[in-house]
Every structure is written in structure tokens, then in C-alpha cells.
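Topology and contacts: notes
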Amino acid sequence: MRRFLRKMLFILALVVVLSVLGFVWMSRRSFPQTKGTLTFQGLQAPVDIYRDEYGIPHIYASNPHDLFFALGYVHAQDRFWQMDVWRHTAAGRLSEMFGESQVETDAFLRTLGWWRLAEQDYQRLPEDVRAVLDAYADGVNAYLAQRKGSALSLEYAVLKLLNPDYEPEPWDPVHALAWIRVMAWDLRGNIQAEIERAVLLKTLSPEQVAELFPPYPYDRHPVIVPEFSSEAAAEPSPSLPPYWPQVAVLAEGLGRTIRQVDAYLGTGGLDLGSNSWAISGDLSATGKPILANDPHLGQQLPSIWYQVGLHCQPKSEACPYDVVGFSFAGAPGVIIGHNDRIAWGFTNVGPDVMDLYIEKINPENPNQYQVNGEWVDMDVRTEVIRIAGGGSVEITIRSTRHGPVISDVYGKLKDFDEKSGLDLPASYALALRWTALEPANTLQAILGFNKARNWEEFREAARLFDVPAQNLLYADVDGNIGYQMPGKIPIRQPGHTGEVPVPGWTDDYEWQGYIPFEELPWVLNPPKGYIVTANNTVVGPDYPWRIFDRPAMGYRARRIVDLIEQSPKPLDVEDMARIQADNYDGSAAFLVPLVMELDLQDARLEEVRALWQGWNYQMDAESPAAALYAAFWRHLLAATFHDDLPQDYWPQGGARWFEVMRHLVDIPDSPWWDDKNTPERETRDDILRQAFAAAVAELEERLGRDPNRWAWGKLHALYLTHPTLGKSGVAPIEALFNRGPYPTGGGAGIVNATGWKANKGYRVVSLPSMRMIVDLADLGRSLAIHTTGQSGHAFHPHYVDMTDLWRTFQYHPMLWTQEQVLAHLEGHLRLEPQP
């Protein structure tokens, strides 16, 4: 029997190995053609696509139609599976690909209505922008006409096993517009904090909750444009509605739904923000500006970014594009990059652009709601969610004047009136108002950036950048640096903070429009010679309009400013790269000295503590001191707060908790230090000692007893995860698409913002999704890198060929001139009109 079992196990293992090898062989069928000549109907003239040694395409065309046709074609060549999943996400049609497990997610996404909004956006766009979208779609569809099934991407071979009837449909120009709203959801602002506050107020006092959400430290950390002033009248200071503590039941339901959607989309990680800064020629070694940008997003494989060059030959008024940078596969244009005149970058503003309204429903007609004493008909529609393998689910979507009724998709507010203590109507629902559920012109703005030749044209394009609101950083070859905050930011009535659900049956809590563009913060050529945006607050406390509840706490911004101001010499591109690689942990700077002075009451602990002697607080991947600090920080948060907070809201770490702890360590006998699970009353030093001992015990168990062999990167690793099949739960399938681990340094709240969740472990969950440094003195000296590689095809040479460069802070040249491109040539594909 044992011999038989061994033989069966051997056969099974052999079958698995052969199957994997078969998939590896099959994957080569999907690799793109990058050399030779192809002909297509619809092209107006020949197009040259040069790919460099990293597989980055540089497209040269004589007219916009052919340029964006070719962009759609190369996006589909390298990333069509990613594009297919993204469009199904935006349209709430994931069940068509992945079955009934996605029905709830689809129902929520359909209720938000991103696809319907995108269709409306398309109709409103100017003819030239629609022409770009149409040409792009033609390019994608030209590729789909050439390839089917696994020849498109290996994922389709695996999907065929689960969903044999699935065939990708043609690309629609609207798909690109719908994806913009998915990104707006990813960068939506502070709704999680609003939900968290509401839940915490069930068991904590308002004063205790305020301690967990400290104000921005204006006295210590920088403001993006402190010199900006507005002539608008000051907005009255908001006050919390009297029923704030009673909304927790409602908030918990919404919070669960948001976490489910975020888990699928790979969003909701720490430090989803970014760093960007620009220095003027007065501070640079070249006498011209340098601009740097690294957006922080959730990790995924392939990268969210796709590098490309789009070049009109010749550049003219009729064909105005000459631009390189980072695009989204599935959308035309360069999102972040530079053209021949200007460079630009983004960081997230994080404004409060969502409000929840409690609607009074007619007990005799569930499709009517009350407005100022009158019953008004809701907008009601039905949609059908089709499920892979057959079957469907019909859902009813209701909308009020405020937006979609989201309580219909995360469950009825059962017993909410009894539990909340609110004087609620007999029937009620919860509707969402969000700026991203209104008309948007963001793609038009992006194309405007691509064509802009100066600050004035850049600002005109920024007027159209509705969602998600971003900090726009600017520099140009004439020596200017600038900043503009765009976006729709609601003006709320006095007393309406936007922090809690409010009555929707009166006009007392209605938005009063948006902050006028002229009143949004901006600056050109500030006297200090630099602009730094790292999700720190945009303006000082005297700004009359309320933009957000609380921004990031400014630790990254403080560090970047210090490195710029303390430089002993004019700064160059290499200096910008060193700043992007900085691993300084601002929390270690005030916590480590406390532990160094502490009596640890244990010789072994004091021996290990010696790792921190002379440590510079850099969370480098190879550092034993950094490994010890990360473990200590994790156990410190747990020992301080786990006994006081619900498990779903245990501290994850990051800059907010840096600031919480910075305040707390100055109060050694604060009740937060006391562990409710013990009869003793603990103080700060007790918890510091306990956390340090727990950290040492964990590291000894995981990394061995020799502290000198510990390393932060052994704990803090990046596992690049395919966002669909890489989470299938089937190990052989996951092994086909996932890659890692890759040891990394950095951490949440650090310039090198490789976020990890202290309540779960040390694995990287969010990161600098790309790094770009643009030298406006010589655009050919610019540098870039992103986290994976250009290709979305597993086992392709460019699948993860940038990852080691990214994690070790290396870059590749951001090729600009055609001469540079040809010097790094890997392939030349020519597209010609069909005779």
C-alpha cells in the first residue's frame, strides 16, 4: 500500500509539473510581435513602434489618429488581460468572468453606476477627444481581431478551465472613461476615517476619539503653499451634529462593504498618496528645474503603470503630441510625464468629497422619498448581472437627488432606529453623494497636460481635472516651477462637517456648489525655490474653505524639505534619487531615545538593545536595527491599543499613528497605556518595556538568536500578486502568475513608502508604484522605473525585469530623443495602411 501511495503521489506530482510546463510553453503564444511590418485598415499613414531594452514602446506617427491607434494596439499587446479585468470592474461585470463569487461586488459597483456615467461623459466630450478615444479603441480591436484565447494572454487558458464560454468582447471607447472612476474610488479621501470615528464612538468618548485623530502639526510640518491666500469669506467653523455617536450601526455596514470592494480592487492600503517635489534652477546644479514624483498605490502584477513615448512627426498644431511617461493600459494619453516643454506629477489631495444622506422613505411607496415635506419619485432602474456558466441576478437600483441608495446593496439598516437612538422616520435608506458620480472631464485634462506648452496652458487643462482631486506639480524648460490643486471640492453649509450621515429630507445639509477654481490653492515660482507635496496639508489653517478633515501628518513632507534645505551643494538628478530612496522613520526618532534610557530589567534585552546605539533611524532592508524597530513598533501599537479598540480598527501603523504616539509618550500615565486585561495599572514605561521584550522574542523565533543576522528585508518583503488568478487559492495557478518575495526597505510614513499593516504582519501592501525624475535642463538625462515590467505576460522577459532595480533604487534612462531610442533598440514594428 505504501509503495502504491508513493507511486500515486509521484504520478500526481509529475502531472502537476507537466501541466505547469505546458502553461509555460503556452504563455509564449501570447508574447507580442515587436518586429516586422503589419497592415491595418483605417490607418492614414505608416507608424513606427520602437521598443527599447525594457520593452517600452516609443511610437512615431504623423497624425493623432494613427498615434492613438498604435497606443491602443501596444497596450493590448502587452496588457490586454489587465485591460479586460479593469473594464469589467468599472462596469460591474466581474461575475461574467469569475462567476457568482463576484455578484455582491458587481451589485455594489452597478449601484455606483460608473458605466452609465462614463457613457454620458463620452457624449459630452469635444469631438477631438472622442476621436482620440475612438482611434485608441480601433487599435485595441485591431489586436483582438488577430488573436484569441491563450494567444491573447495565458490567463485566458486558465479561465477556460473555469469559464469555457468566455470570449472578450470588442473594446468600447467608453471603457477608458469608466476606469477613471475606479481610480477616483481608490483615491477617494477620508470616508474610512469617518466610518472608523463613528464606530469608535460606540465605546469611547469624543475626547478619546479625538486623541486617535490628531490635528495636522502646523508648527512642525510643512504646508504645500503657505503663501496662498483667498479673498473668499471664511467658512464658519463646523460643529458636529448632536447625533454623531449614534451612527455606528449604519457605519459598520458600509465599512464592511467598502472593505470587501477594496479587497478585490487591491486598494485601501496604507499611504495611498505619493511624493512629488520640484526645485528651481536656483537650487539645482544645472540652473534649470528638476521634478520628481513617486505615486503610492497598492502592489499588483503587472504594474498599474505602462511606460510609453508618443511622438508626432512632425509635431504641429494638427498633431501636437511629443510626450513620454506613464500611462494606464486601457486609456489614451500619458498620465504623468513630460513633453518637450513641461513636466508634471501627481500626489493625492485626499479631500472630503463624499457625504452620506439618510433619506426618509414613503412607507406606502418604497420608491418615493421626502424633500422638504413633499414625496418625490426616486430614479429606479433594474439591471441584470450575468454569471459565468449561466444564470443571472436582477437587481433594482434606486437613486435620490443625492445619489445612489447604497443601503440596498449592503443590506437593510435592520433595527438601526432602535439601536441608534435617532428620531428616524419609519422607513429610511442611505444615499451617497460623491463628486465622482457627477460629470467628469478628467481625460480631457490629461490630454491637455500632454499638449501644454507653458504654465497658463497647464492651468487651463487643470480646470477640467474633476476627479480624483490631485496635487498637480509643474516645471518647465523656461525655469518655472508651479503647483495647482484642481478638482470638485464641495462647499457645505454651516454645521455640516461631512463627517457623519445627515438628514436628506431637508435642504439644511445640501452642498452649496464647489470651491471656485480661482480660489483653489496654486503657486508659481515660490521664493524658497522648491515645492514639496507628500499628502501634507495644502494650505494653512486660515484658508476659508474646508478641503478635508485631516490630511496625512506630513512626516514624509518634513523629511523631503529637510533633505532639500540641508543639502550642502546644488542638487542634481542623483540627489533626487537619493531622496526617493530615503528610509528615515520619523517615529523612531522620538521613540528609540526613550527605550535607550529605559531600565529593561533583563541582560539579554539590554544586549539586543545595543543594535540601536548610533542608529540613524533608516529602515534599510539589510539593517538589524530596522528589523528590531519594526517589530517593536508593531508590538507597541498592539500593547497600547488592542485592549481598547475593536479588532477591525486595530492600528495599522503609518503617519497618523506616528502622530498619535508622539502625543501619547508625553503623557506617561495616560489611560491608553493601561492594559485593561490585567489587574495592574500600566504606565508608558511598562508598555515600552513589554513591547521591546515581545519584539525580541518574535525576532529570535523568526530570524534566530544572533541579532546581527537580523534584517528588515527578511520580514518586510514584496510579494507581487496577480490581482485575479494570483488570489485564486490554487497554489499551482498562483505560482504561474505571482512573483516574490523581494526583500525591501522603507515603510509606512517614510519617503520610501513601502506600507505594511502592523495589525497583520510585515508584508508590503502599498508602495511607490513608480519613480520618475525629470531634468528640465536636458530631458534626455531624466530617469524612471516602476515596480514590475512592461509586460503583463507571465514568463515574458519583461514581466518583472524592473523589480530588482526598483527595490534597490536603480533607474533606467527615460529615453527622449529618437537617437536615444535607436541606441537602446530591442525591436522595431512598423504599422502600415492596408492597400
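Please refer to the structure placed before this passage.
Residues numbered from 1 in each chain as written. Predicted model: local features only at pLDDT ≥ 70, side-chain atom pairs only at ≥ 80, totals over all residues. Heavy atoms only, no water.

**Side note on the overall build of the chain**
Looking only at helices and strands, one finds 25 helices and 27 strands in the chain. With 835 residues in all, the chain has 63% of them scored as buried. Accessible surface for the chain amounts to roughly 31200 Å². Of this, 51% is attributable to carbon and sulfur atoms. (Helix = DSSP H or I, 4+ residues; strand = E, 2+ residues; numbered from the N terminus. Buried < 20%, exposed > 50% of the residue type's maximum accessible area, 1.4 Å probe, protein only. Areas by Shrake-Rupley, 256 points an atom, 1.4 Å probe, with all protein chains shown as cover.)

**Side note on the state of the cysteines**
This model, assessed by the stated rule, comprises one disulfide. Disulfide pairing places C312 opposite C319 at an S-S distance of 2.0 Å. Linking C312 and C319, the disulfide has an S-S dihedral of approximately -75° and is accordingly described as left-handed. Judged by relative accessible area, C312 falls into the buried class, the value being 6%. According to the relative accessible area criterion, C319 is buried, its value standing at 1%. (Disulfide = S-S within 2.5 Å.)

**So, the nonpolar core**
I59, W434, F449 and L831 are the most contacted members of the largest nonpolar core, which totals 182 residues. Looking at this core, the element that brings in the most residues is helix α2 (residues 64-90), giving 14 residues. Grouped together as the second largest cluster of nonpolar side chains are 62 residues, V595, L605, A626 and F658 included. (Core = buried A, V, L, I, M, F, W, Y, C linked by side-chain atoms within 4.5 Å.)

**Considerations on the packing of helix α19 (residues 624-641) against helix α20 (residues 655-664)**
Two numbers describe how α19 lies on α20: the axes approach to 12 Å, and their chain directions differ by 65°. In terms of axis orientation, α19 runs roughly perpendicular to α20. In the packing of α19 onto α20, the handedness of the crossing is left-handed. Along its contact with α19, which presents W633, L636, L637, T640 and F641, the element α20 presents W657, F658, V660, M661 and L664. (Axes fitted to C-alpha atoms, helices over the stretch in contact; angles between N-to-C directions. Parallel < 35°, antiparallel > 145°, perpendicular 65-115°, else oblique. Left-handed = near helix turned anticlockwise from the far one by under 90°. Contact = heavy atoms within 4.5 Å.)

**Some remarks on the pairing of strand β17 (residues 481-484)**
Residues of β17 alternate between two faces, with I481 and Y483 on one and G482 and Q484 on the opposite face, all of them buried. Bridge analysis of strand β16 (residues 470-476) against β17 gives four bridges, and the strand direction is antiparallel. Looking at β17, one finds that L472 is bridged to Q484. Hairpin geometry of β16 and β17 is characterised by an intervening segment of four residues between the two adjacent antiparallel strands and by a positive phi of about 105° at G479. Pairing of β17 with strand β19 (residues 522-524) involves three bridges; the strand directions are antiparallel. Each bridged residue has a counterpart across the sheet, and for Y483 the counterpart in β19 is V523. (Pairing = 2+ DSSP bridges.)

**Some details on unusual backbone geometry**
Of note, the amide linkage connecting L301 to P302 takes the cis form, showing an omega dihedral of 5°. Looking along the chain, the bond that leaves G740 and enters P741 is cis, with omega of 5°. The phi torsion at Q601 lies on the positive side, around 60°, for a residue other than glycine. With respect to the helices and strands, Q601 occurs in the loop between α17 (588-596) and α18 (603-609). The backbone of Y617 sits at a positive phi, close to 70°, despite the residue not being glycine. Note on placement: Y617 falls in the loop between α18 and α19. Take Y617: its relative accessible area is 18%, and that puts it in the buried class.

**Details of the pattern of salt bridges**
Any two side chains of opposite charge can pair, so long as their charged atoms come close to each other. For the structure on display, the rule yields 40 salt bridges. A salt bridge links R463 to E518; the shortest N-O distance between them is 3.0 Å. Here R463, found in the loop between α14 (455-462) and β16, pairs with E518, found in the loop between β18 (502-503) and β19; they are 55 residues apart in sequence, far enough to count as distant. Residue E700 is joined to R604 by a salt bridge in which the shortest nitrogen-to-oxygen separation is 2.7 Å. On the criterion of sequence distance, the pair formed by E700 in helix α21 (residues 684-703) and R604 in helix α18 is long-range, its members being 96 residues apart. (Salt bridge = Lys/Arg side-chain N within 4 Å of Asp/Glu carboxyl O.)

**Quick look at the side chain of D643**
In this fold, D643 is placed in the loop between α19 and α20. Summary of buried charges: D643 has no salt-bridge partner, and the nearest side chain of opposite charge, K676, is 5.9 Å away. Here the side chain of D643 touches K676 through a polar contact of 2.9 Å, landing on its backbone nitrogen. (Lys, Arg positive; Asp, Glu negative; His and termini not counted. Polar contact = N/O pair within 3.5 Å; in protein donor to acceptor, adjacent residues only side chain to side chain.)

**Notes on the environment of N471**
Locating N471 in the fold gives a position in strand β16. Ignoring anything within four residues of it in the chain, the contact list for N471 reads I224, G345, F346, T347, N348, V349, Y483, Q484, T533 and V538. One polar contact links N471 to Y483, side chain to side chain, over a distance of 2.5 Å.

**Thoughts on the packing of helix α5 (residues 114-124) against helix α8 (residues 174-186)**
Where α5 contacts α8, the axes come no closer than 8 Å and their chain directions differ by 125°. One element, α5, and the other, α8, form an angle in the oblique class. Remark: the crossing between α5 and α8 carries right-handed chirality. Residues W114, W115, L117, A118, E119, D121 and Y122 of α5 lie in contact with α8, whose contacting residues are V174, H175, L177, A178, R181, V182 and W185. For the contact of α5 with α8, the per-class residue count stands at ten nonpolar, one polar and three charged. (Nonpolar A, V, L, I, M, F, W, Y, C, P; charged D, E, K, R; others polar.)

**Side note on α21**
A rise of 1.5 Å per residue sets the reference length of α21, with its 20 residues, at 28 Å; its end C-alpha atoms lie 28 Å apart and thus fit the reference within 8%. In this fold, the buried residues of α21 make contact with α17, α18, α19 and α22 (712-715). One or two positions beyond α21, positive phi appears at G704, with a value near 100°. (Expected span 1.5 Å × (residues − 1).)

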